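Overview (structure and organization)
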Amino acid sequence: MKKILVVDDDTAMGEMCKELLKSKGYASDVVASGTEAIEKASMDGIYTIVLTDLVMPDIDGIEVLKKVKQQNPNIDVVVMTSYGTVTNAVEAMKLGASDYITKPFKRDELIIIIEKILQLQRLEGEVDRLRSELSEKYTFGNIIGESPKIKKIFEIISNVSNTEANILIQGETGTGKELVARAIHYNSARKDYPFIKVDCAALAETLLESELFGHEKGSFTGATRDRIGRFRTADHGTIFLDEIGNISLAVQAKLLRVLQDSEFEAVGSDEPIKVDVRIIAATNANLEEHVEKGLFRRDLFYRLNVIRILLPPLRERIDDIPMLVSHFLSIHNKKNRKNVEGVSRETLNKLMSYTWPGNIRELENVIERAVILCKGKIVEPVDIPLYQEKTGSLQDLSGKPLQVLMDQVERQIIINTLESTGADKEKTAKILQISRASLYNKINKHKIAEML
Ligand SMILES: Nc1ncnc2c1ncn2[C@@H]1O[C@H](COP(=O)(O)OP(=O)(O)OP(=O)(O)O)[C@@H](O)[C@H]1O
Ligand SMILES: [Mg+2]
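Being a predicted model, the structure only gives us computed values, none of them experimental.

Broken down by element type, the protein chain carries 18 helices and 14 strands. Whereas a compact globule of 452 residues would reach a radius of gyration of roughly 22 Å, the protein chain reaches 31 Å, over 25% beyond that. If you take every contact in the protein chain between residues at least 6 apart in sequence, the share linking residues at least 24 apart comes to 69%.

Okay, helix H13 (residues 321-336) next. Along its 16 residues, H13 runs 22 Å from first to last C-alpha, staying within 8% of the 22 Å computed at 1.5 Å per residue. Taken together, the buried positions of H13 are occupied by Ile321, Val325, Phe328 and Leu329. Burial along H13 is one-sided: seen end-on, the buried residues are contained in an arc of 115 degrees. Summarising the geometry of H13, the exposed residues directed more than 90 degrees from the buried face are Ser330 and Lys334. The elements touched by buried residues of H13 are strand S13 (342-343), helix H14 (345-353) and helix H15 (359-373).

This paragraph deals with the site of ligand 1. Contacts to ligand 1 come from 18 residues, most closely from Ile144, Thr173, Gly176, Lys177 and Glu178. Where the shell around ligand 1 is concerned, the elements lending two or more residues are helix H7 (177-186), H13 and H15. Considered class by class, the residues forming the shell around ligand 1 number five nonpolar, nine polar and four charged.

Okay, the sheet that holds strand S1 (residues 3-7) next. Spatially, the five strands line up as an open sheet ordered S2-S1-S3-S4-S5, and their pairing is parallel. One side of each edge strand has no neighbouring strand; the edge strands of this open sheet are strand S2 (28-31) and strand S5 (99-103). For this sheet the average axis-to-axis angle between neighbouring strands, irrespective of direction, equals 20 degrees. Those strands touched by helix H1 (residues 11-23) are S1, S2 and strand S3 (47-53), and its axis lies near 175 degrees from that of S2.

The next thing to look at is unusual backbone geometry. Following Lys103, the chain continues into Pro104 via a peptide bond in cis, with omega recorded as -10 degrees. The residue Pro104 is located in the loop between S5 and helix H5 (107-139) in this model. The phi torsion at Ser262 lies on the positive side, around 50 degrees, for a residue other than glycine. In this structure, Arg337 takes a positive phi of about 50 degrees despite not being glycine. Summarising the element assignment, Arg337 is placed in the loop between H13 and S13.

By the element assignment, Ala12 lies in helix H1. Exposure remark for Ala12: the 7 C-beta atoms within 10 Å place this residue in the exposed category. Remark: the alpha-carbon pair of Ala12 and Ile113, spanning 101 residues in sequence, is separated by 21 Å.

Turning our attention to the domain arrangement of the protein chain. For the protein chain, the assigned domains are domain 1 (3-128), domain 2 (148-311) and domain 3 (390-452). Taking only C-alpha atoms into account, the centre of domain 2 sits 44 Å from that of domain 3.

Where S1 meets S2, four bridges bridge the pair, whose relative direction is parallel. Note on S2: the bridge partner recorded for Val7 is Val31. Remark: the S1/H1/S2 crossover connection has right-handed handedness.

This brings us to the nonpolar core. Among the nonpolar cores identified, the biggest contains 39 residues, and Ile169, Val180, Phe231, Ile239, Leu241, Ile280 and Ala281 are the most heavily contacted of them. Leu5, Val7, Ala37 and Leu51 belong to the second largest nonpolar core, which has 29 residues in total.

With that settled, consider the sheet that holds strand S7 (residues 195-199). The strand order across the open sheet formed by five strands is S7-S8-S11-S6-S12, and the pairing between neighbours is parallel. Looking at which strands have only one partner, the edges of the open sheet turn out to be S7 and strand S12 (307-311). Taken over all neighbouring pairs, the strand axes of this sheet differ in orientation by 20 degrees on average, direction set aside. As paired strands, strand S8 (residues 238-242) and strand S11 (residues 278-283) are joined by four bridges and run parallel to one another. Its bridge partner being in S11, Phe240 is matched across the sheet by Ile280. Lying on the sheet, H7 is in contact with strand S6 (167-171), S7, S8, S11 and S12; it crosses S6 at an angle near 155 degrees.

You can see Tyr440 is positioned in helix H18 (residues 436-445). Overall, Tyr440 belongs to the exposed group, with 12 C-beta atoms counted inside 10 Å. When the C-alpha positions of Tyr440 and Ala429 are compared, they lie 9.2 Å apart, and in sequence the two are eleven residues distant.

Viewed as axis vectors pointing N to C, helix H3 (residues 61-71) and helix H4 (residues 86-94) meet at an angle of 10 degrees, and their least axial separation amounts to 10 Å. Compared by their axis directions, H3 and H4 come out roughly parallel. Taking contact as the criterion, the partners of Gly61, Ile62 and Leu65 in H3 are, on H4, Asn88, Glu91 and Ala92. Taken together, the residues of the contact of H3 with H4 break down into three nonpolar, two polar and one charged.

Cut-offs applied
Residues numbered from 1 in each chain as written. Chains lettered and ligands numbered in written order. Predicted model: local features only at pLDDT ≥ 70, side-chain atom pairs only at ≥ 80, totals over all residues. Helix = DSSP H or I, 4+ residues; strand = E, 2+ residues; numbered from the N terminus. Rg over C-alpha atoms; globule rule 2.2 N^0.38 Å. Contact = placed C-beta atoms within 7 Å. Expected span 1.5 Å × (residues − 1). Buried ≥ 20, exposed ≤ 12 C-beta atoms within 10 Å, placed from the backbone. Arc of directions from axis to C-beta. Near = placed C-beta within 6 Å. Nonpolar A, V, L, I, M, F, W, Y, C, P; charged D, E, K, R; others polar. Pairing = 2+ DSSP bridges. Axes fitted to C-alpha atoms, helices over the stretch in contact; angles between N-to-C directions. Domains from an automatic or database assignment. Right-handed = clockwise from strand over helix to strand, strands pointing away. Core = buried A, V, L, I, M, F, W, Y, C linked by C-beta atoms within 7 Å. Parallel < 35°, antiparallel > 145°, perpendicular 65-115°, else oblique.

Structure below.
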């Protein structure tokens, strides 16, 4: 339970307060000087209220108030004043004291003040809790985005997390498949059990089989002792099978059995093992195609594919780039002890016109690099060398609906012209021989960040 810290150079008064608080069930500590008070109050999470005298020989109550509030704004400070020093009490209120009480006071006066503050603290705690619950619900902590596409994903995650359905996550490299898999696990009833990730592409067939299902000592060369296997480790939790597209037909058959009967045998053993594991699989391959070619079992595909989450590539949700950029800026500022404040509009445009073959992972790398190398407070275009400087070399312009390609070209032309005119919209419209209204429409339509 949190405590109240009583500060008074008059020890008899301090002890009296302690007794009074104790009679109502509130624990407190008493100190006789401001210095001690500041030191004690700096200990995290112990004190919830500081009740301090105003006039004290070493450091006075106003100083105590200032320091305590500075160290921990969540601690409420109540000042005690004597007759004649009420103006100090008013000053204290201005500096952030929660209340004041004039000495001598009646028992009830103090208790009422303390109870009122504790009640407010409870309410504030509740509001914080509700707020974070809400934001957790919509953003799942660290999955950032507000584009319609990502909102749809949030909706699916919150609908499926608490079910037992197996899930298949598809998406290009770096689109957040693992992040989503974790979000599902940690929002499910299995969250207190393990989340086990197996990178299926990294292991040769026999190794993968024993990694997943375990083996008995001596079952193959190199099997010098029993191995328990990832499925058993994941019991009651979730197993995340990353890069499932390339697993062998033999392992596929075993997986199918786990999915159907929650049962398998370790390599070299014929004793069936039962597990209760939810499977989330991920791939950046087109599994349907693998099925058509006979590389992936159709029955396994259907079993895994009960719920499918298709993560869009970053270039299809460029509206999320500004949010992602500020998210990664704050992460990498902290990590590298830097204080980069933001990106310039030109930089944002550059980031929003790029095609991001490596998706969000690539964006994160670019931002981290910029944070480290950037000399000023604002990231400029020179700080973000991109793998492929401009979108739409003519060769890239194929394989998509004509309208999409035309939009891509139109967007780039507008950006180039804005850049060449120093973002003068009147000139830009003239050069392109369109009206300013139409230019504004296109700027909005293509989400070209406004340049100065
Ligand atoms: N919506 C998002 N918000 C914030 N960070 C994200 C988001 N999506 C992905 N990331 C970050 O991008 C990086 C790549 O994500 P992740 O590893 O989940 O991708 P992946 O799809 O599994 O990629 P791969 O196919 O290459 O394994 C991680 O650092 C992850 O935290
Ligand atoms: Mg991954």
